[in-house]
Amino acid sequence: MDQRIEELEKAMEAPGFWDDMDKAQKDTIELKNLKDEKSGIIDLTDRYETIETLIEMGTEEGDVSLIPEIEQELDELESRLEEKYMQTLLSGEYDRENAIVTLHAGAGGTEACDWTQMLFRMYSRFADNHGFKVQVLDYLDGDEAGIKSITFEVDGENAYGFLKSEKGVHRLVRISPFNANGKRQTSFASCDVMPEIENNIDIEINDDDLRIDTYRSSGAGGQHINKTSSAIRITHIPTGIVVQCQNERSQHMNKDKAMQMLKSRLYLLKEEENRQKADDIRGVITDNAFGSQIRSYFLQPYTLVKDHRTNEETSNAGAVLDGRLDGFVNAYLKYIS
């Protein structure tokens, strides 16, 4: 690691380093990642040595008052070690990339649209917890409340590696706030996750295979939605793939972003000729209804969140909906490793 860091630092000092912008940016990112990794290892070593010192002091002096501090340091060290272990599992071809997430309301009407909005909040909180940036690309309001569909980009190292566990149908069981009789209701929303693949990927697209529609941006308004007729919807006729973008400032920028999304989807579709690799990248596509959920969230008559693939579960549903998904993400990474 130290040798590679030294090589990159020398390369950055050499004349003409920025002549090849793409390579320079990749080297810069690699250098930052290596330095962050080295810093993390040093931090773990320091914490371990601190714990050793505290134990020696407590043993020699018979000072039991140090026990709470030692336990706290041990808990923190265990948490950091678990995080490092998870990073070793993120070895997939696309794991280090940004993620593009699409949520669709399924069976359940207005309740499902409200559930979709809850999921978007959950993933936004998860992204904040990990220092990721969220940018909404497309948004469609529910007829009465909530969100019918939303596409957003999550920017950050390993964003796709963490969020690929969320691909599938999510089921909610609760007392419906939209039912005057206070009956328990089940709702569904689907989550699709794909990596943001570089725009220069080698995918040829025939213009005759595309239908490009413009429409007026819709949604909740505010900083991430504009109200001009600059939104773009691109349909790839041979495959039926549809991508949309309405967040950028101009029709041209929306089209560029939508084309990048289309290229990524077509690239993944091409790779799905190998079914085993397809399952690793995209997951198994299921119906957005009963019997197809990957995870269930029970809010009544008891609280429980359970992942049906890994059997990971917790009774603290409120924390999960506030973005504390790490237990489920980690269990999934172990499950597929």
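Once a new chain begins, its residue numbering starts again from 1 and follows that chain's sequence as written. Reporting of local features is limited, given that this is a predicted model, to residues whose pLDDT is at least 70; pairs of side-chain atoms are given and counted only at 80 or more, and all residues count toward the totals for whole chains, interfaces and linings. Calculation of side-chain values draws on the structure's entire complement of heavy atoms; hydrogens and water are dropped beforehand.

Chemist: Could you clarify how one ought to interpret the sheet that holds strand β8 (residues 241-245) in this entry?
Modeler: Sheets are built from strands paired through backbone hydrogen bonds, the pairs being either parallel or antiparallel. Strand order in the open sheet formed by three strands is β6-β7-β8, with antiparallel pairing between adjacent strands. Edge strands, defined here as strands with exactly one partner in the open sheet, are β6 (210-215) and β8. Averaged over all pairs of adjacent strands, the angle between strand axes in this sheet comes to 15°, irrespective of strand direction. Pairing analysis gives six bridges linking β6 to strand β7 (residues 231-236), with the strands arranged antiparallel. One bridge is not enough; two strands pair if DSSP finds at least two bridges between them. Going along the chain from the N terminus, every DSSP run of H or I of four or more residues is numbered as a helix, and every run of E of two or more is numbered as a strand. Here an angle of 0 to 180 degrees is reported between the N-to-C directions of two axes, which are lines fitted to C-alpha atoms, with helices fitted over the stretch in contact.

Chemist: Sorry if this is basic, but what is going on with the nonpolar core here?
Modeler: Generally speaking, soluble globular proteins have nonpolar side chains that are buried together. Counting 57 residues, the largest nonpolar core has Val-101, Leu-103, Tyr-123, Phe-152, Val-154, Leu-262 and Tyr-297 as its most contacted members. Once residues lying within four places of it in the same chain are set aside, the contact partners of Leu-103 are Thr-116, Leu-119, Phe-120, Tyr-123, Lys-148, Ser-149, Ile-150, Phe-152, Ser-190 and Cys-191. In this structure, Leu-44, Ile-51, Leu-66 and Leu-77 belong to the second largest nonpolar core, which totals six residues. Residues grouped as a nonpolar core are buried Ala, Val, Leu, Ile, Met, Phe, Trp, Tyr and Cys residues, joined through side-chain atoms within 4.5 Å. Per-residue accessibility, obtained with a 1.4 Å probe over protein chains only, is compared with the maximum for each type, and a residue is labelled buried under 20%, exposed over 50%, and partly exposed between these values. It only takes one pair of heavy atoms within 4.5 Å for two residues to be counted as in contact.

Chemist: What should I look at first to understand the pattern of salt bridges in this one?
Modeler: Any two side chains of opposite charge can pair if their charged atoms end up close together. One side-chain nitrogen of Lys or Arg within 4 Å of one carboxyl oxygen of Asp or Glu is enough to make a salt bridge. One pass over the structure, following the stated rule, counts 25 salt bridges. The residue Arg-174 makes a salt bridge to Glu-111 at a minimum N-O spacing of 2.4 Å. A residue pair is termed long-range when its members are at least 10 positions apart, and Arg-174 in strand β4 (residues 168-175) and Glu-111 in helix α4 (residues 110-129) qualify at 63 residues. A single burial state applies to Arg-174 and to Glu-111, both of which are buried. Beyond isolated ion pairs, a larger network of salt bridges with shared partners links Asp-43, Arg-47, Glu-73, Glu-76 and Arg-80.

Chemist: In this structure, what is going on with the packing of helix α2 (residues 21-61) against helix α3 (residues 67-89)? I would like to understand it.
Modeler: For any two helices packed against each other, the geometry comes down to the angle between their axes and how far apart the axes lie. Between α2 and α3, whose axes approach to 10 Å, the crossing angle comes to 155°. Classed by the angle they form, the pair α2 and α3 counts as roughly antiparallel. Note on packing geometry: the crossing formed by α2 with α3 is left-handed. Facing Glu-37, Gly-40, Asp-43, Leu-44, Arg-47, Tyr-48, Ile-51, Leu-54 and Ile-55 of α2, the residues of α3 in contact are Glu-69, Ile-70, Glu-73, Leu-74, Glu-76, Leu-77, Arg-80, Leu-81 and Lys-84. Each residue gets one label: Ala, Val, Leu, Ile, Met, Phe, Trp, Tyr, Cys and Pro are nonpolar, Asp, Glu, Lys and Arg are charged, and the others, such as Gly, are polar. Its residues assigned to classes, the contact of α2 with α3 shows nine nonpolar, one polar and eight charged. Working rule for angles: under 35 degrees goes down as roughly parallel, over 145 as roughly antiparallel, 65 to 115 as roughly perpendicular, anything else as oblique. Each helix crossing is assigned a hand: it is left-handed if the near helix lies turned anticlockwise from the far helix by less than a right angle, otherwise right-handed if that turn is clockwise.

Chemist: Explain the pairing of strand β5 (residues 184-195) here, please?
Modeler: Each regular strand shows side chains that alternate between the opposite faces of the sheet. Within β5, nine of the 12 residues are buried, which leaves the element mostly enclosed by the surrounding structure. Across seven bridges, strand β1 (residues 99-105) lies against β5 in antiparallel orientation. Among the inter-strand pairings, Thr-102 is bridged to a residue of β5, identified as Asp-192. Both β4 and β5 contribute to a ladder of eight bridges, which runs antiparallel. Across the sheet, the residue bridging to Gly-168 is Cys-191, located in β5.

Chemist: Where do I start with the packing of helix α1 (residues 2-13) against α2 in this structure?
Modeler: Where α1 contacts α2, the axes come no closer than 10 Å and their chain directions differ by 145°. Between α1 and α2 lies a crossing whose hand is left-handed. Contacts between α1 and α2 pair Asp-2, Arg-4, Ile-5, Leu-8, Glu-9 and Met-12 from the former with Asp-27, Thr-28, Glu-30, Leu-31, Leu-34, Lys-35 and Lys-38 from the latter. In terms of residue class, the contact of α1 with α2 is made up of five nonpolar, one polar and seven charged.

Chemist: What is the right way to look at the sheet that holds β4 in this model?
Modeler: Here eight strands make up an open sheet; going across it, the order is β2-β3-β1-β5-β4-β9-β10-β11 and the pairing mixed. Two strands close off the open sheet at either side, each with one partner strand: β2 (133-141) and β11 (313-314). As judged from the eight bridges shared by β2 and strand β3 (residues 147-155), these two strands associate in the antiparallel manner. Bridge pairing links Tyr-139 to Ile-150 in β3. Strands in contact with helix α9 (residues 326-336) are β9 (293-298), β10 (304-307) and β11; relative to β10, the strand with the most contacts, it is inclined by about 15°.

Chemist: Explain the side chain of Ser-149 here, please?
Modeler: Following the sequence through the fold, Ser-149 ends up in strand β3. The class of Ser-149 is buried, set by a relative accessible area of 11%. Apart from residues lying up to four places away in sequence, Ser-149 is in contact with Leu-103, His-104, Asp-138, Tyr-139 and Leu-140.

Chemist: Please explain the packing of aromatic side chains as it appears in this structure.
Modeler: The pairing test for Phe, Tyr and Trp rings, Trp by its six-membered ring, is centres within 6.5 Å, and the orientation test on the planes gives stacked under 30 degrees, edge-to-face over 60, and tilted for anything in between. Under the defined criterion, the tally for this structure stands at seven aromatic pairs. Taking 6.4 Å as the distance between ring centres and 40° as the angle between the ring planes, the aromatic pair formed by Tyr-332 and Tyr-335 counts as tilted. You can see Tyr-332 and its partner Tyr-335 sitting in helix α9, three residues apart, about one turn around the helix. Two conditions define a charge located above a ring, namely a distance within 6 Å from the ring centre to NZ of Lys or CZ of Arg, and an angle within 35 degrees of the ring normal. Geometry around Tyr-215 places Arg-233 over its ring, the cationic atom sitting 4.4 Å from the centre.

Chemist: Help me understand the confidence of the model for the protein in this model?
Modeler: Low pLDDT means the predicted atomic positions in that stretch should not be read closely. Confidence per residue, as judged by the predictor, is encoded in pLDDT with a range of 0 to 100. Summary statistics for the protein give a mean pLDDT of 85 and a share of 89% for residues scoring 70 or more. The element-level mean pLDDT for the protein is lowest in helix α7 (residues 275-281), coming to 51, with β10 highest at 97. Considering only residues more than four positions removed or in separate chains, one finds that residues 219-226, a stretch of pLDDT under 50, has 18 contacts.

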